[in-house]
Amino acid sequence: MSMIMTLQVTGDPKAMEQFASDDTDRMEAILEAAKRHGLIAHRFYGSADGASVMVLDEWPDRESFESFFREQESEIRPMFESAGVTSQVEPTFWRELETHDAYGWGG
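The rules we used
- Residues numbered from 1 in each chain as written.
- Predicted model: local features only at pLDDT ≥ 70, side-chain atom pairs only at ≥ 80, totals over all residues.
- Heavy atoms only, no water.
- Salt bridge = Lys/Arg side-chain N within 4 Å of Asp/Glu carboxyl O.
- Helix = DSSP H or I, 4+ residues; strand = E, 2+ residues; numbered from the N terminus.
- Buried < 20%, exposed > 50% of the residue type's maximum accessible area, 1.4 Å probe, protein only.
- Arc of directions from axis to C-beta.
- Contact = heavy atoms within 4.5 Å.
- Polar contact = N/O pair within 3.5 Å; in protein donor to acceptor, adjacent residues only side chain to side chain.
- 1 Å grid on protein atoms, 1.4 Å probe; cavity = no way out; pocket = protein on both sides within 12 Å on 5 of 7 lines; lining within 4 Å.
- Points joined across faces, edges and corners; volume = space filled by probe spheres on them.
- Nonpolar A, V, L, I, M, F, W, Y, C, P; charged D, E, K, R; others polar.
- Axes fitted to C-alpha atoms, helices over the stretch in contact; angles between N-to-C directions.
- Parallel < 35°, antiparallel > 145°, perpendicular 65-115°, else oblique.

### Some details on the pattern of salt bridges
Piece 1. Applying the stated criterion across every chain, the model contains six salt bridges.
Piece 2. The closest approach of N and O atoms between Arg-62 and Glu-66, which form a salt bridge, is 2.7 Å. Here Arg-62 and its partner Glu-66 are both found in helix 3 (residues 62-82), four residues apart, which amounts to about one turn of the helix.
Piece 3. Between Glu-73 and Arg-77 there is a salt bridge; the shortest N-O distance is 2.6 Å. A residue pair is termed a helical-turn pair when its members lie 3 or 4 positions apart in one helix, as Glu-73 and Arg-77 do in helix 3 at four residues.

### Some words on helix 1 (residues 13-22)
Piece 1. Of the positions making up helix 1, those classed as buried are Pro-13, Ala-15, Met-16 and Phe-19. The buried residues of helix 1 all sit within an arc of 160 degrees when viewed along its axis, so they share a single face. Structural note: helix 1 exposes Lys-14, Glu-17, Ser-21 and Asp-22 on the side pointing more than 90 degrees away from its buried face.
Piece 2. Looking at the packing, one finds that the buried side of helix 1 touches helix 2 (24-36), strand 2 (41-46), strand 3 (52-59) and helix 3.
Piece 3. For helix 1, the side-chain oxygen to backbone nitrogen distance between the N-cap and Lys-14 is 2.9 Å, and the N-cap itself is Asp-12.

### Observations regarding the layout of surface pockets
Piece 1. In this structure, the largest pocket occupies an estimated 660 Å³ of space.
Piece 2. In terms of lining, the largest pocket is formed by 22 residues, of which the most central are Ser-2, Ile-4, Glu-58, Glu-96 and Trp-105.
Piece 3. Of the residues belonging to the lining of the largest pocket, the class tally is 10 nonpolar, seven polar and five charged.
Piece 4. Of the pockets and cavities examined, the second largest pocket occupies roughly 290 Å³.
Piece 5. Lining the second largest pocket are 18 residues, with Ile-30, His-42, Phe-44, Phe-68 and Met-79 positioned closest to its centre.

### Overview of the packing of helix 1 against helix 2
Piece 1. At a minimum axis distance of 5 Å, the contact between helix 1 and helix 2 shows a crossing angle of 95 degrees. Taken together, the axes of helix 1 and helix 2 lie roughly perpendicular to each other. Note on element contacts: helix 2 touches helix 1 through Thr-24, Arg-26 and Met-27, opposite Phe-19, Ala-20, Ser-21 and Asp-22.
Piece 2. Here the contact of helix 1 with helix 2 is built from residues that sort into three nonpolar, two polar and two charged.

### Thoughts on the environment of Asp-61
Piece 1. Mapped onto the elements of the fold, Asp-61 is located in the loop between strand 3 and helix 3.
Piece 2. On the basis of relative accessibility, which here comes to 29%, the residue Asp-61 falls in the partly exposed class.
Piece 3. As a C-alpha pair, Asp-61 and Ala-34 span 27 residues in sequence and 13 Å in three-dimensional space.
Piece 4. A distance of 3.3 Å separates a polar side-chain atom of Asp-61 from the backbone nitrogen of Glu-63.

This is the structure in structure tokens:
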């Protein structure tokens, strides 16, 4: 069963969007690398108050994400720096619970 990875940091969502718009080649290259490592789904989100950025990914397993991140960290770090992120980027890993009420996402 796949797992979810979230990564939430204090930063400027608009600056993150601007970085992505200004460097689409880098964004596409990172995405292609992630897909080679098994990425299933990916989104960036900005908080309603404009003070935080969150990455929400689905991966086959934690090891796939960690392998991707080790390989691409030097490409990813400037993106977070552009959004004013100064803290250490710490992902959180989640497993789906069997609660018998799954809806959407193909479940």
